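Chains, contacts and geometry: an overview
Okay, here's what each chain looks like letter by letter:
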Amino acid sequence: MRFIFNLTKREIRSSWQRLLFFFLCIALGVGSVVALRSLIQNLTKVVGNDARALMTADLEVTSTNDFSPSEIAKIEEVIAAFPIIEDRNEVITTASMARPSDPANTALEFIELKGIEPPFPLVGTFSLSSGEPFDFKLLENSGAVIARILTEELNVKVGDKLKIAETEFQIRGTFDEEPGGTSGFRLGSRIFVEKKAFDQAGITRNTSRIRRRILYRTSDNPTELVRALRTALTGTTVQVNSYREQQENLGEQFERTENYLALTGLLILVLGGVGVWNVARAFVEQKRKTVAVLKCLGAGGNRVITVYLLQILTLGIIGSLFGVLLAQGGLLIAKQQFAADLPEKMSYAVSFSTAIQGIILGVLISLLFSALPLLQIRTIKPKLLLRDENNAALSRLDWTKWIFGAVSLAGLLAVAVWQAGSVRVGMYFLGGLAATGLVLYGSATLLTWLLRKVKVLTSFSFRQAVNSLYRPGNQTRIILLAVGLGAFVVITVQIMQANLVREFDFSRNRRLPSLVFVDIQRSQIEDLARLIKERTGETPEQTPTVRARISFVNGEPIDYQQREVRQQQGQIGREFAITYREALEENETVIDGSWWKPGEAPELPEVSVDERMASTLKVGPGDSMTFDISGRKITALVSSVRKIDVRNARTAFVFVFKPGSLEKAPQSFAATTLNHVPATDRQRLQRDILDRFPNVQIFDVADIIAAVNRLVNNFVIAISFVGSFVLLSGFLILIGSVALTKSQRIYENAILKTLGARRRALATILFTEYGLLGLLAGIIASGFGVTLSYLVSRFLMKIDWVFDPVIAGLGVLVTAVLVTFVGVAASFDVLFRKPLATLRSQ
Amino acid sequence: MIQLKNVTKTVRSGAEELTILNDVSFDIAAGQFVAVTGASGSGKSTLLGLIAGLDAPSSGVISVDGDEVTAMSEDGLARLRSEKIGFIFQSFHLIPSLTAYENILIPMEILGLDNVRERANGLIEQVDLTNRGHHYPAELSGGEQQRIAIARAFANSPKIMLADEPTGNLDSKNGQHIFDLMKDLHSRNNVTLVLVTHDAALAARAERRIVLADGEVIRDDLT
């Protein structure tokens, strides 16, 4: 053992520089896994680890309608049978607009209004910005407590007054964090008012996007109670949720996200593994003589392998530790880059468990990828010290090698499954990676083969450069694979970004509205339209909207108490805005059934259903659907299925009724304008409309698009960040590969110099070789980037895809320049070696 | 100490079968100093390699100190070399990543001996390189490297010392010095010394001379 440890120590001392790339490959991979996992874990901790605090209760009963007396009776009956209720309160929320009462202040913001009653919150705490606990007295007599950011956005302070809908509230305090307020995407910031004031203020009268909640705190597990409530409320649109279920769902979602992100990290780590494999192979090649001497001095093959295995293990551990440091650095960069979009209290520290996991992963990958090359040590015979000849015995089938290969592969699969948290996903990951690798490798082989076929190589340097790509032991295809993969990810992301930005480009989309007004009452629509016409010169398009829920499909009720239905709640359980009209819109096409003919008298109401909803509900022409409109049921025959081109949509209604059946139903109007008015005019118009029609809600599409663009940009930055890590791994492999064939290059250069080649010619060879390599890598990366972005755009995101020659061309160029730079920089010193010393030492 | 019986070694060279050693048989007694000479390609180095178990003969039997080398496994041979055989090469074959001193330590550490440092110090002193122990092979001259290689070969007090043209890469002065050192260590430690050399003058100073030509022993006489 002493021999093994001593030799390991000495070997590390002398060859750590050569193994530096090994070390960096592992560090980069481990860094990625640890950083990504820590990021999402820390996010989970802030956002979702406490569903109970998010719900601010143990149990909630919620509805988007007023609770009907029969629903309330049912709820109360069940509640009375369970003596576990400790406390309850009611909460009501809606989206609205807030504006300062001061007429000189023209600011205006979209807000989320929440009406509460004591005790609040039932679970968790609520502190004001000042640090004092929230006191319900602040809300009494038209008081409001608002998110601090609103004081900046609306340019108001505590004590000022705000108008929300038709009511005026005085700002009595601000808060930084509200109970249950950190999760989900919201359009506006929160304002708390008294529930009583909410009801009295007329906000509930005209607006339809209201959610009512009855919250309960229980002294015991509420699972049974939830079940009883669901049974009692079957057939109604009331939903019952417990924090435990939310917790499970949240937990699952975060875990899935974490595992997918970890797989991205694993991709970088596996690339690092390819680097490790390469370095280990070269290392063994360089150590052949040393191994032979050791064997000659009496060391058995296994002991020698153990020495080098220990060396790899040590470097793997140090590399992994360094990776953890890198991860910490990466998290700090993430903090700088994304802090504004991430929760304020989020930690940016690497978690201990992820660090340990990263180190284990790093060591495993080091071992898995170096096992096969190290096995080669067995075949090194001490007799090569007497006569250096290639081992002829290698050609026969080496079972140990195959077995180790299989074990390594199984190990890699186990690692992927472990990281993915699923056998299926792990297998897909490895299969996908292998397929991508094979395709890239195949393309690399094809391109280099084609290059060699180019017969018209008159230039000496060019010919030599091409020949160098085929030098024995060349790394051409490995480099093309590694660098190509990295550049491929980056280029794909760039093309996707360009397409996404184009997709949301305001000016391109002529039917995309600039302003959307909703919740306009019948009595208001004419005046409002006139006002808009006066100010913008455009008569807004007016659409009647009726709020409805689906009750029955072909006479069968939709049971919202069922788990699957509840999970699809966002899609089918929600309240829909439906409309009625004579004609199809420009952006709609009937794909099944037929559109009604104008003037046809209806026997039964008819409805046309959007294609996606039709497939979710499994309905088609001839089926019947029953809608609940403010408690009244209307049954309609599905007469057609429409495809809506949402990219060119002014409105996109999932359900459109044939005129004649909904005109008498309670309805409001939506109005849209298309003309692009300057931002200040838009702001003034909105303000004036709100002053006259306080119940109307206005969406400034430019704001929404800006928010979406910011989301897209963050997404792109995040993916590019990961992509650049992949690229960096590729370059590490490139540098490592340059080092591997360096002695050969030195020897070749010495011979060429002796034969009269000048340094200039040798430099040209060097530049041409790496230039060609870079060009090939760029072509592969750009080619696949264009293909993948096309596939993702058309089939996954279903957005328009446009070929962007600038990005594709730049991709090739930048890759070529980078590869040339890195390759030449890593081998430049070769040009300055004196030939004699080199030739003598051979 | 060393017995060779009908040892033949053939290798395949392209389509042809090349006989390097042809039916070679001889015994070497314990403590004897034998010089093996012959022209280039006569099979001298191969013979030495076969005795050390670095390669296996195509046919025939080789025994070293009662152990049948030709019947041993790779690891068995490694153990045999570790315990009983010291080997000196023409091109030294020191491990480049270890210092001179560490190169001497290696065989003792492989065998798991105690007090290896003291012994290494003694050996480095015997080859007169006390001040060069911390140098790497690349920082030593050829003569110095070979002296370290000799110290390494003697580190485990082997019964047999095999030297493959140890002075071949050295000038005559250094060559002489190395030869004297080996002879001195041989007589002081009473090891069996088999020396392959081109140099007739050096061979003449051995106790016995075996001459090879085309893979066969053509002369075997005591000097």
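Residues numbered from 1 in each chain as written. Chains lettered and ligands numbered in written order. Predicted model: local features only at pLDDT ≥ 70, side-chain atom pairs only at ≥ 80, totals over all residues.

We now examine the overall build of chain A. Counting secondary structure elements, chain A contains 26 helices and 20 strands. The burial tally for chain A puts 41% of its 842 residues in the buried class. Long-range contacts, defined as pairs at least 24 residues apart, comprise 85% of the intrachain contacts of chain A with a sequence gap of at least 6. (Helix = DSSP H or I, 4+ residues; strand = E, 2+ residues; numbered from the N terminus. Buried ≥ 20, exposed ≤ 12 C-beta atoms within 10 Å, placed from the backbone. Contact = placed C-beta atoms within 7 Å.)

All right, on to the overall build of chain B then. Within chain B, the regular secondary structure consists of seven helices and ten strands. Across the 223 residues in chain B, those meeting the buried criterion constitute 49%. For chain B, contacts bridging at least 24 residues in sequence account for 69% of all contacts bridging at least 6.

All right, on to the interface of chain A and chain B then. In this assembly, 21 residues from chain A lie in contact with 24 residues from chain B. Sorting the residues of the side of chain A that touches chain B by element identifies helix 1 (2-15) and helix 10 (288-296) of chain A as the ones contributing at least two each. It is helix 1 of chain A that provides the largest number of residues to the side of chain A that touches chain B, a total of seven residues. Of the residues contributing to the side of chain A that touches chain B, the split by class is eight nonpolar, seven polar and six charged. (Nonpolar A, V, L, I, M, F, W, Y, C, P; charged D, E, K, R; others polar.)

Below, the discussion takes up the sheet that holds strand 2 (residues 16-28) of chain B. Residues and elements named next belong to chain B. Across the sheet, four strands lie side by side as 2-1-4-5; this open sheet has antiparallel pairing. Of all the strands in the sheet, the pair left with one neighbour each is strand 2 and strand 5 (67-68). Across two bridges, strand 4 (residues 59-64) lies against strand 5 in antiparallel orientation. Residue Ser63 lies in a different strand from strand 5, and its bridge partner there is Glu68. (Pairing = 2+ DSSP bridges.)

Let us look at the sheet that holds strand 8 (residues 192-196) of chain B. All names here are of chain B. Strands sit in the order 6-7-8-3-9-10 across an open sheet of six strands; the sheet is mixed. If you trace the sheet from one side to the other, it starts and ends with strand 6 (85-88) and strand 10 (216-222), each paired once. Strand-to-strand twist of the sheet, defined as the mean angle between neighbouring strand axes without regard to direction, takes the value 15 degrees. Relative to strand 8, strand 3 (residues 33-38) runs parallel, the two sharing four bridges. Note that in strand 8 the partner of Phe33 across the bridge is Leu193. (Axes fitted to C-alpha atoms, helices over the stretch in contact; angles between N-to-C directions.)

The next thing to look at is the confidence of the model for chain B. Residue and element names in this part refer to chain B. Per-residue pLDDT for chain B averages 88, and the proportion of residues at 70 or more is 100%. No element of chain B has a lower mean pLDDT than helix 6 (residues 172-189), which averages 84, and none a higher one than strand 4, which averages 94. Across the predicted assembly, pTM comes out at 0.69 and ipTM at 0.86. (pLDDT = per-residue confidence, 0-100.)

Before going further, it helps to spend a moment on the packing of helix 9 (residues 243-286) of chain A against helix 13 (residues 399-420) of chain A. Residues and elements named next belong to chain A. At their nearest, the axes of helix 9 and helix 13 sit 8 Å apart, and the two run at 145 degrees to each other. Contacts between helix 9 and helix 13 involve Asn259, Ala262, Leu263 and Leu266 from the first element and Ala416, Gln419 and Ala420 from the second. Residue composition of the contact of helix 9 with helix 13, by class: five nonpolar, two polar and no charged.

Turning our attention to unusual backbone geometry. Look at the link from Pro118 of chain A to Pro119 of chain A: it is a cis peptide, with omega at -5 degrees. Cis rather than trans, the peptide bond between Phe120 of chain A and Pro121 of chain A has omega equal to -10 degrees. Among the structural elements, Pro121 of chain A can be located in the loop between strand 3 (109-116) and strand 4 (143-147). Phi at His93 of chain B is positive, roughly 50 degrees, even though this residue is not glycine. Positioned with a positive phi, Asp128 of chain B is a non-glycine residue whose angle comes to about 65 degrees. Looking at the element boundaries, Asp128 of chain B is found in the loop between helix 4 (116-126) and helix 5 (142-154).

For the α-helix, the turn length of 3.6 residues means that residues three or four positions removed from each other point alike. Its 24 residues place the ends of helix 12 (residues 352-375) of chain A 34 Å apart at the C-alpha level, agreeing with the 34 Å of an ideal helix rising 1.5 Å per residue. At Phe369 of chain A, helix 12 of chain A shows its maximal kink, close to 30 degrees; a proline, Pro373 of chain A, follows between one and four residues later. (Expected span 1.5 Å × (residues − 1). Bend = angle between axes of the 7 residues up to and from the residue.)

The next point concerns helix 17 (residues 522-536) of chain A. Residue and element names in this part refer to chain A. For helix 17, which comprises 15 residues, the first-to-last C-alpha distance of 22 Å matches the rise-based estimate of 21 Å (1.5 Å per residue) to within 8%. Where helix 17 is buried, its residues contact strand 10 (515-520), strand 11 (541-553), strand 19 (668-673) and helix 21 (679-692). Gly537 sits one or two residues past helix 17 and shows a positive phi near 75 degrees.

Attention now moves to the pairing of strand 7 (residues 160-164) of chain B. Residue and element names in this part refer to chain B. In terms of burial, strand 7 is a largely internal element, five of the five residues being buried. Neither face of strand 7 is exposed, since Ile160, Leu162 and Asp164 on one face and Met161 and Ala163 on the opposite face are all buried. Here four bridges tie strand 6 to strand 7, and the two strands are oriented parallel to one another. Each residue of the ladder has a partner; that of Phe87, found in strand 7, is Leu162.

Moving on: the packing of helix 5 of chain B against helix 6 of chain B. Residues and elements named next belong to chain B. Their axes nearest at 10 Å, the elements helix 5 and helix 6 cross at an angle of 15 degrees. The orientation of helix 5 with respect to helix 6, classified from their angle, is roughly parallel. Crossing hand, helix 5 versus helix 6: right-handed. Two secondary-structure elements touch here, helix 5 through Gly142, Gly143, Gln146, Arg147, Ile150 and Phe154 and helix 6 through Asn174, His177, Ile178, Leu181, Met182, Leu185 and Asn189. Across the contact of helix 5 with helix 6, the residue classes break down as six nonpolar, six polar and one charged. (Parallel < 35°, antiparallel > 145°, perpendicular 65-115°, else oblique. Left-handed = near helix turned anticlockwise from the far one by under 90°.)

Ala482 of chain A together with Ile51, Ile104 and Leu162 of chain B are the most contacted members of the largest nonpolar core, which has 191 residues in total. The element that contributes the greatest number of residues to this core is helix 9 of chain A, accounting for 17 residues. The two domains that each donate at least three residues to this core are domain 1 (1-57 + 237-421) and domain 3 (436-507 + 699-842) of chain A. Of all hydrophobic cores here, the second largest spans 67 residues; its members include Val78, Ala165, Ile214 and Ala529 of chain A. (Core = buried A, V, L, I, M, F, W, Y, C linked by C-beta atoms within 7 Å. Domains from an automatic or database assignment.)

Turning to the environment of Ala57 of chain A, a few remarks are in order. Residue and element names in this part refer to chain A. With respect to the secondary-structure elements, Ala57 resides in the loop between helix 3 (51-55) and strand 1 (59-63). The exposure class of Ala57 is buried, given the 29 C-beta atoms found within 10 Å. Expressed as a C-alpha distance, the spacing of Ala57 and Arg88, which sit 31 residues apart in the sequence, is 8.6 Å.

What follows deals with the environment of Arg745 of chain A. Residue and element names in this part refer to chain A. Structurally, the position occupied by Arg745 is in helix 23 (residues 742-754). Judged by the 20 C-beta atoms lying within 10 Å of it, Arg745 falls in the buried class. In this structure, Arg745 is in contact with Ser827 and Val830, ignoring residues within four places of it in sequence.

Residues and elements named next belong to chain A. With respect to the element layout, Val656 can be found in strand 18 (residues 655-657). Under the C-beta neighbour-count criterion, Val656 is labelled buried, with 25 such atoms within 10 Å. C-alpha of Val656 to C-alpha of Arg642: the two residues are 14 residues apart in sequence and 9.6 Å apart in space. In this view, Val656 contacts Thr579, Tyr580, Arg581, Val607 and Ser608; residues no more than four positions away in its chain are not counted.

In this model, chain A carries an average pLDDT of 82, and 91% of its residues clear a pLDDT of 70 or more. Here residues 390-394 of chain A scores under 50 on pLDDT; set against residues more than four positions off or in separate chains, the count is four contacts.

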